[in-house]
Amino acid sequence: MSDAIGSPTRAANPALLTLYEEIADCPACELARTRTQTVPGVGPAPAEVMCIGEAPGAREDERGLPFVGPAGRFLDQLLGSVGLSRETVHIANVVKCRPPGNRDPQPEEIAACTPFFERQIAIVDPLLIVTLGRFSMSRWFPGASISRIHGQPKRFGGRIVLPMYHPAAALHRGDLRPVIEADFARIPELLEQARREGPAGNGSVSEPSSPYLPASAAAAPRPSTEQRALL
Ligand code: SF4
């Protein structure tokens, strides 16, 4: 993969740089013990479109960048198909460190990482959020089945959220590839709608609070001195 996909250190937004530096030092869950490096995200901030996956895999862990394996190449194709690229879209995961063996992130790991995730969304401040897979989907659609709601956007506050299958799903199930492509093709229309309607769009419902975010975590997102000492 070429360096055209960018580098996390290219983030020029001071708030995003601070966030990435805090993530790089984070010892807040077990994944800190097995990661090669953190994978905070890539892309500009603010950005109109933010794509959110679940957790880094082996190649992401090596490179420190999200979506750099085969699923990432498919994501690049999808972005290109609607006139977008990594230069204009912010790409991140719910969890910033690789779960060993590419297992699913555990609820306590997602909970520990959620303050970072929420700050990242606030800094990027997207008009359109594309959730890739069930872990990011559950932030806005708790309890929903991705097979039922994929491709069906919903407005939350000032944003439209479009749930989709994770691009890796198409690598395992070829029949999902055209489904993902069709869902992605909705992005230009939805982005135009979001621009037109602004923060008070029709049918808006309040942004739900994160199911993983305790009130105390929102108030104290920085890893503590005690947490750092655990490393
Ligand atoms: S809370 Fe997030 S950044 Fe911190 S160790 Fe866990 S996965 Fe990594």
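Let me sum up the structure you'll find in this document.

Criteria and cut-off values
- Residues numbered from 1 in each chain as written.
- Predicted model: local features only at pLDDT ≥ 70, side-chain atom pairs only at ≥ 80, totals over all residues.
- Helix = DSSP H or I, 4+ residues; strand = E, 2+ residues; numbered from the N terminus.
- Buried ≥ 20, exposed ≤ 12 C-beta atoms within 10 Å, placed from the backbone.
- Core = buried A, V, L, I, M, F, W, Y, C linked by C-beta atoms within 7 Å.
- Contact = placed C-beta atoms within 7 Å.
- Near = placed C-beta within 6 Å.
- Nonpolar A, V, L, I, M, F, W, Y, C, P; charged D, E, K, R; others polar.
- Arc of directions from axis to C-beta.
- Expected span 1.5 Å × (residues − 1).
- Pairing = 2+ DSSP bridges.

## Structural notes on unusual backbone geometry
Here the amide bond leading from A45 into P46 is cis, since omega sits at 0 degrees, within 30 degrees of zero. Within the chain, F67 stands out as a residue other than glycine whose phi angle is a positive 55 degrees. If you trace the backbone, F67 turns up in the loop between α2 (58-63) and α3 (70-81). By the C-beta count within 10 Å, which is 30 here, F67 ends up buried. Despite not being glycine, D125 has its phi angle at roughly 50 degrees, a positive value.

## A look at the nonpolar core
For soluble globular proteins, the rule of thumb is that nonpolar side chains tend to be buried together. If you look at the biggest cluster of nonpolar residues, it comprises 60 residues, and the most contacted ones within it are V49, C51, V94, L128 and V130. Apart from residues lying up to four places away in sequence, C51 is in contact with V89, I91, V130 and L132.

## As for the site of the ligand
Within the structure, the ligand sits among 14 residues, and C26, C29, A32, C97 and C113 are positioned closest to it. Split by residue class, the shell around the ligand holds 11 nonpolar, 1 polar and 2 charged.

## As for helix α1 (residues 14-24)
Along α1, the positions that sit buried rather than exposed are L16, L19, Y20 and I23. End-on view of α1: buried residues confined to an arc of 100 degrees, all on one side of the axis.

## A short note on the environment of L162
In this fold, L162 is placed in strand β5 (residues 159-164). Excluding its chain neighbours within four sequence positions, the residues that come into contact with L162 are L128, V130, P153, R186 and L190.

## Let's talk about α3
The first and last C-alpha atoms of α3 sit 17 Å apart over 12 residues, in line with the 16 Å expected at 1.5 Å per residue. Lining the buried residues of α3 we find α7 (167-172) and α8 (177-184). Of the residues trailing α3, G83 is marked for its positive phi of about 75 degrees.

## Some words on the pairing of strand β2 (residues 90-93)
For a regular strand, side-chain orientation follows a simple rule: the groups alternate between the two sheet faces. Of the two faces of β2, the one carrying H90 and A92 and the one carrying I91 and N93 are both buried. Pairing between strand β1 (residues 49-53) and β2: 4 bridges, direction parallel. Of the residues in β2, the one forming a bridge with C51 is I91.

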